[in-house]
Amino acid sequence: MFISAQIKINGLPFIQRERIVLLLAIDVGNTNTTLGLFYGHNLKYHWVFSTEPNKTADEIGIQFLSLFQYINEDIGSVRDVIICSVVPTVMNSLTAAVKKYLQKNPVIVGPGIKTGINIRYENPREVGSDKIVNAVGAVKLYGAPVIIVDFGTATTFCAVSGSRDYLGGVICPGIMISAEALFEKASKLPRVEITNPSSIIGRNTVASIQSGLFYGYVGQVEYIVGKIKEEMKESNIKVVATGSLSKLIAAQCRCVDEINTLLTLEGLKEVYYLNIKDKIV
């Protein structure tokens, strides 16, 4: 893709055409897959789909074509693709689709890729690529030290020190998993919508469950973040929330400083530019 910038030579207008990198960033989570299309460093479009491990490469490829047709953009203008995934069964079809329909070999976040983060986990290969990408994005946007709370299939807490060391974190069942487990294991309790109840004291079964789920997770976040801060022993620690339910839950958490639902996409963009030498921006 090119954009036009008007400058003047000898007082006369001259149209200069500049190349803009179109980067497709793909974050494959257990529940949802999020795609973001960057024009240079700016995220212009993003989409969220259910993660479906049984989709074929052609089904994924046709989805790509439909998206680019919808935004009236040439799929051939994509310069590169970067992927992070916590669902290994998706990767064969996804990478095949990228190669066939976008004619690109995707950059895949994994061991050996540059991130600018020092991983202090006992076994660095155990750390989910999404967690590292979130750490990269949070440090870039908000600085370090930082704690990232990701409200996804699992609710995860990741701690990054002021020297950009990924210290580790906490993994808890996500709020949707907890709600589904309650419905499946307690025969008289109904499935409920996750919402911010008007009162913590529920006056019927549905309201009581909603209160327990919502305020239970608010309290969980407050307590765990507090304990992590105690252990990190650093000052001015930012707390950043992301994930599909971050706007609902984190908005009620006094410990949360920033909510960025697209943090993983921003982190993917930063990882891409750390690893690609011949940048055109």
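The structure reproduced in this document is the subject of the present report. (Residues numbered from 1 in each chain as written. Predicted model: local features only at pLDDT ≥ 70, side-chain atom pairs only at ≥ 80, totals over all residues. Heavy atoms only, no water.)

Points about the packing of helix H3 (residues 129-142) against helix H7 (residues 263-275)
Two measures define how a pair of helices packs: the angle their axes make with one another and the distance between the axes. Which entries qualify depends on this criterion: Fitting a line to C-alpha atoms yields each axis, with helices limited to the stretch in contact; the angle taken between N-to-C directions then spans 0 to 180 degrees. Strands are runs of DSSP state E lasting at least two residues, helices are runs of H or I lasting at least four, and both sets are numbered from the N terminus onward. Our angle categories are set so that under 35 degrees counts as roughly parallel, over 145 as roughly antiparallel, 65 to 115 as roughly perpendicular, and the remainder as oblique. In this analysis, two residues are considered to be in contact whenever any of their non-hydrogen atoms come within 4.5 Å of each other. Residue type decides the class: Asp, Glu, Lys and Arg count as charged, Ala, Val, Leu, Ile, Met, Phe, Trp, Tyr, Cys and Pro as nonpolar, and the leftover types, Gly among them, as polar.
At a minimum axis distance of 7 Å, the contact between H3 and H7 shows a crossing angle of 85 degrees. With respect to each other, H3 and H7 are oriented roughly perpendicular. Residues Val133, Asn134, Val136, Gly137, Ala138, Lys140, Leu141 and Tyr142 of H3 lie in contact with H7, whose contacting residues are Leu263, Thr264, Glu266, Gly267, Leu268, Glu270 and Val271. Grouping the constituent residues of the contact of H3 with H7 by class yields eight nonpolar, four polar and three charged.

Considering the nonpolar core
Heads up, the rule is: To form a nonpolar core, buried Ala, Val, Leu, Ile, Met, Phe, Trp, Tyr and Cys residues must be joined to one another through side-chain atoms within 4.5 Å. Partly exposed describes any residue whose relative accessible area lies between the buried limit of under 20% and the exposed limit of over 50%, with all areas from a 1.4 Å probe on protein chains only and scaled to the type maximum.
One finds Ile82, Val109, Ile148, Tyr166 and Leu268 to be the most contacted residues of the largest nonpolar core, which totals 31 residues. Of all the secondary-structure elements, those providing two or more residues to this core are strand E3 (22-28), strand E6 (78-85), H3, strand E9 (146-151), strand E10 (154-160) and H7. Not counting chain neighbours up to four residues away, the residues in contact with leucine 268 comprise Ala25, Ile26, Asp27, Ile82, Ile83, Cys84, Val109 and Val133. Counting 29 residues, the second largest nonpolar core, distinct from the first, contains Ile175, Val192, Ala241 and Val256.

Let's talk about the side chain of serine 161
This is how it is decided: Distance and chemistry together define a polar contact, namely a pair of N or O atoms within 3.5 Å, with one atom able to donate a hydrogen and the other to accept it when in protein, and with adjacent residues in sequence counting only for side-chain atoms on both sides.
Relative to the helices and strands, serine 161 is located in the loop between E10 and strand E11 (165-173). On the basis of relative accessibility, which here comes to 6%, the residue serine 161 falls in the buried class. Within the structure, serine 161 has its side chain in polar contact with the side chain of serine 163 (distance 3.0 Å). Excluding its chain neighbours within four sequence positions, the residues that come into contact with serine 161 are Ala144, Pro145, Leu167, Met232 and Glu234.

Re the packing of aromatic side chains
The criterion, for reference: Classification of ring pairs uses Phe, Tyr and Trp, with its six-membered ring standing for Trp, and accepts pairs whose centres are within 6.5 Å; under 30 degrees between planes counts as stacked, over 60 as edge-to-face, and the remaining range as tilted. The rule is short: NZ of Lys or CZ of Arg within 6 Å of the ring centre and within 35 degrees of the ring normal puts a charge over the ring.
All told, the structure shown has five aromatic pairs when counted by the stated rule. Between phenylalanine 214 and tyrosine 215, the ring centres sit 5.0 Å apart and the planes meet at 90 degrees, which makes this aromatic pair edge-to-face. Since its relative accessible area comes to 27%, tyrosine 215 is described here as partly exposed. Ring geometry for tyrosine 272 versus tyrosine 273: centroids 5.1 Å apart, planes at 80 degrees, classification edge-to-face. According to the relative accessible area criterion, tyrosine 272 is buried, its value standing at 1%. Clustering of aromatic rings is evident, with ring pairs tying together Tyr39, Tyr45 and Trp47. Positioned above the aromatic ring of tyrosine 39, the side-chain terminus of lysine 44 is 4.7 Å from the ring centre.

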